[in-house]
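Residues per chain, in single letters:
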Amino acid sequence: MIPYSRQCINPDDVDAVVDVLRSDWLTQGPMVEKFEGKVGGYCGARNAVAVCNATAALHLACRAFDLGPGDSLWTSPNTFVASANCARYCGADVDFVDIDPRTYNMSVAALAEKLEGAKKAGRLPKIVMPVHFAGQSCEMKAIRKLSDRYGFGVIEDASHAVSGRYEGRPVGSCQYSDVAVLSFHPVKIITTGEGGMLLTNRPEFLEKFRMLRSHGITRDVPPEGPWYYEQTDLGYNYRITDIQAALGVSQMKRIDEFARQRLNLVTKYNDALEGLPLQLPWQATDCESSWHLYVVRLQLDRLKKGRKQIFEDLRSAGIWAQVHYIPVHLHPYYRKRFGFKDGDFPEAELYYQEAISLPLFPELKEDEQAFVISTLKDVLR
Ligand SMILES: *Cc1c(COP(=O)(O)O)cnc(C)c1O
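Let us look at the structure shown here.

1. Topic: the nonpolar core
Grouped together as the largest cluster of nonpolar side chains are 50 residues, with contacts concentrated most on Ile155, Val179 and Leu198. For this core, the secondary structure elements donating two or more residues are strand 2 (47-51), helix 3 (54-64), helix 4 (82-89), strand 4 (93-96), strand 5 (127-129), strand 9 (179-183), helix 7 (203-213) and helix 12 (346-354). Here this core gets eight residues from one element, more than from any other, and that element is helix 3. Those residues in contact with Val179 that sit more than four places away from it in its chain are Ala61, Phe65, Val154, Ile155, Glu156, Cys174, Leu198, Leu199, Thr200, Phe205 and Phe209.

Now the structure itself:
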């Protein structure tokens, strides 16, 4: 079986974790801060706060804007449900902006149009959350301009995109956003098992994230005694362990190597799949994708089989491709809660009918990739 993605763990990673297990601190020790320093430095963001997963990070990012009932967050329908759920945890409404048919990211033209309508209706969003799909950055400069004009906060869901670049700068620098969120789930670029990171250049958000990560408790108050702390806000236990952070620190040593390996595999796919009835990934000139995913779009009018058949044929050959993503607005929860229906975001829905993510991860072997390519060619015939 060849999965669409998987972690890449070496003996140094194992040693780093075992060292923590033998140390005094399994959590709230020195490794979390070290991991934050490594990732913040790599991305060029002033502040980094590590948490237990990216979903928690997205939730805290929404909390930092005091997102609540009566507010709304807009995101892409072509994402994992967590990008929308974080707003629901705050009691806020969720709406979507259709995608660009080339990048599969939120379309800036659609965003601009929807904002103008929302302004007239007095229903502007409090937060817009672009998602850097498959690792290619959204058009952040244009989104920042719109945020200046309409007054919403920008949270980047960069779960796919660490090691990617935009306008020559690392994704996660927050040059054009208030917060960026990374995920360290095993299928992502680097892993901590479960884990997430908040990046921000806003100093007041740093304090807020640290407090909310740990129950809303602070020790930064005049003490009644050495034991003293105060809860000043309603927070959570969203902490990451030192065990996980140590794995993260170790993985960060190889992040550029992972990126090179992914790019190599992508170049091979691009060469081998050219000329087939597929739309291959398209890259904007100011982006360097992290290549979290390699998505091909089936040109169904040139094929005898449907997507389901092609997908199942790959599976029976042992290739565990995936589909990213079922448009979020079409999930029963979002249909029921907000009345979304088929046809609301046609580009995302059409894309969904045609998309297949092929196996892509640093340790995908040459012969495995060759097998994926030859099998796909057979299956498309
Ligand atoms: C993986 C992912 C998340 C959630 O990450 P977790 O760390 O598993 O909570 C959120 N958004 C996107 C786009 C993702 O791919």
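Next comes the rest of the description.
2. Examining the layout of surface pockets
There is about 560 Å³ of room inside the largest pocket. Lining the largest pocket are 18 residues, and of these Gln28, Arg210, Arg213, Ser214 and Arg239 lie nearest its centre. Of all the secondary-structure elements, those providing two or more residues to the lining of the largest pocket are helix 2 (30-43), helix 7 and strand 11 (217-218). The element that contributes the greatest number of residues to the lining of the largest pocket is helix 7, accounting for four residues. For the lining of the largest pocket, a count of residues per class yields six nonpolar, four polar and eight charged.

3. Digging into the environment of Glu139
One can find Glu139 in the loop between strand 5 and helix 6 (140-150). Given a relative accessible area of 40%, Glu139 falls into the partly exposed group. Put simply, Glu139 and Tyr166 are 27 residues apart on the chain and 8.5 Å apart in space, counted from C-alpha to C-alpha.

What counts, and at which threshold
Residues numbered from 1 in each chain as written. Predicted model: local features only at pLDDT ≥ 70, side-chain atom pairs only at ≥ 80, totals over all residues. Heavy atoms only, no water. Core = buried A, V, L, I, M, F, W, Y, C linked by side-chain atoms within 4.5 Å. Buried < 20%, exposed > 50% of the residue type's maximum accessible area, 1.4 Å probe, protein only. Helix = DSSP H or I, 4+ residues; strand = E, 2+ residues; numbered from the N terminus. Contact = heavy atoms within 4.5 Å. 1 Å grid on protein atoms, 1.4 Å probe; cavity = no way out; pocket = protein on both sides within 12 Å on 5 of 7 lines; lining within 4 Å. Points joined across faces, edges and corners; volume = space filled by probe spheres on them. Nonpolar A, V, L, I, M, F, W, Y, C, P; charged D, E, K, R; others polar.

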